[in-house]
Amino acid sequence: MSKRSAERFEWRILGAGAPGRAAPESKLRLGVLISGSGSNLQAIIDAIEGGALPGVEIALVVSNNAGAFGIQRALKHRLPVIYLPWRKLPAGSVLQEMTPNEAQLAGLLSFFRVDLVVLAGWMRILSAPFLEHFANRVINIHPALLPREGRGETYTLSSGETIPALRGLHVVKMALDAGLKVTGSSVHYVIAEVDAGPVICQQEVPIEPGDTEESLHERLKEVEHRLIVEAIRQFRR
Ligand code: GRF
């Protein structure tokens, strides 16, 4: 997509179009938000198509990045996909109401009757007003171990050892730089405080000698692909 065409539209549907009438027996409808490769989106698609997530469907995929490979994955599976250009807010902004982008996103999620919002590699912070609107209905995948209750500075491993809770961007590199022997991935509810919501499920992943950020992140993603399906299954119950 050229920059010019991306700028001309506020948002646009790239996939299968608007939702039809509600099915008589309603399924859990997911809105999956992505910014990049979309391997976690693929794991959800595969689980649904393979019968591992009965009663669940993807209502909508939203990307803030027109070049995200995840868009191609969604299109291949004939899912509605929306490219929504997103204006970054200055760090530390405290908002009394949703940003214009968030209001658009909230409108789209409602229009597509989304029950659960899955941040699957979504690289934009969502404000407190947006999260209040979707209270307890937004989950995120984080490539590090977070305390079960969400807040807190440390995580206690199954070995009993305590490691720092890594938050924000580049946490895979942070785990390597800190010389940790074990890291992991967590799926958690999203609250306004970044990477601090209650954990739904998580798994430890050993760091191997010679691991690079790429090799470790690949192994973490393999774990995430199972965790995100498990988290959605738990939400469905
Ligand atoms: C994952 O590692 C996730 O933990 C992080 O972003 C990455 C997204 O990967 N939040 P993908 O786009 O699903 O492949």
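Further up the page is the structure itself.
About the thresholds
- Residues numbered from 1 in each chain as written.
- Predicted model: local features only at pLDDT ≥ 70, side-chain atom pairs only at ≥ 80, totals over all residues.
- Helix = DSSP H or I, 4+ residues; strand = E, 2+ residues; numbered from the N terminus.
- Expected span 1.5 Å × (residues − 1).
- Buried ≥ 20, exposed ≤ 12 C-beta atoms within 10 Å, placed from the backbone.
- Near = placed C-beta within 6 Å.
- Nonpolar A, V, L, I, M, F, W, Y, C, P; charged D, E, K, R; others polar.
- Pairing = 2+ DSSP bridges.
- Right-handed = clockwise from strand over helix to strand, strands pointing away.
- Core = buried A, V, L, I, M, F, W, Y, C linked by C-beta atoms within 7 Å.
- Contact = placed C-beta atoms within 7 Å.

## Describing helix H7 (residues 213-236)
Here H7 is 24 residues long and its end C-alpha atoms lie 33 Å apart, about the 34 Å a rise of 1.5 Å per residue gives. Within H7 the residues assigned to the buried category are Leu-216, Leu-220, Glu-224, Leu-227, Ile-228, Val-229, Ala-231 and Ile-232.

## Brief notes about the site of the ligand
Among the 15 residues in the neighbourhood of the ligand, the closest are listed as Ser-37, Ser-39, Asn-40, Gly-121 and Pro-143. Listing elements by their share of the shell around the ligand, those giving two or more residues are helix H2 (39-49), strand E6 (138-142) and H7. The biggest single contributor to the shell around the ligand is H7, with three residues. Among the residues forming the shell around the ligand, the class breakdown is five nonpolar, eight polar and two charged.

## Some details on unusual backbone geometry
Leaving glycine out, the prevailing phi sign among residues is negative, and the prevailing peptide bond configuration is trans. The backbone phi angle of Arg-78 is positive, close to 55 degrees, even though this residue is not glycine. Topologically, Arg-78 is positioned in the loop between helix H3 (69-76) and strand E4 (81-83). In this model, Arg-113 sits at a positive phi of 50 degrees, which is unusual for a non-glycine residue. Take Arg-113: it is sitting in the loop between helix H4 (100-111) and strand E5 (116-119). By C-beta crowding, Arg-113 is classed as partly exposed, having 13 other C-beta atoms within 10 Å.

## With respect to the pairing of strand E2 (residues 28-34)
Of all seven residues that make up E2, five are buried, and the element is covered over most of its length. Two strands pair when backbone bridges link them, and E2 and strand E3 (residues 56-63) are joined in this way by seven bridges, in the parallel orientation. When the bridges of E3 are listed, Val-32 appears paired with Val-61. Taking the sense of rotation as the criterion, the β-α-β connection linking E2, H2 and E3 turns out right-handed. Two elements, E2 and E5, share four bridges in a ladder whose sense is parallel.

## Some points on the nonpolar core
Residues Val-32, Ile-44, Val-61, Val-118, Leu-119, Ala-120 and Ile-228 are the most contacted members of the largest nonpolar core, which totals 49 residues. Other than its neighbours up to four places away in sequence, Val-32 contacts Leu-41, Ile-44, Ile-58, Val-61, Val-118 and Ala-120. Core analysis: the second largest hydrophobic core is formed by 14 residues, Leu-145, Leu-146, Tyr-155 and Leu-220 among them.

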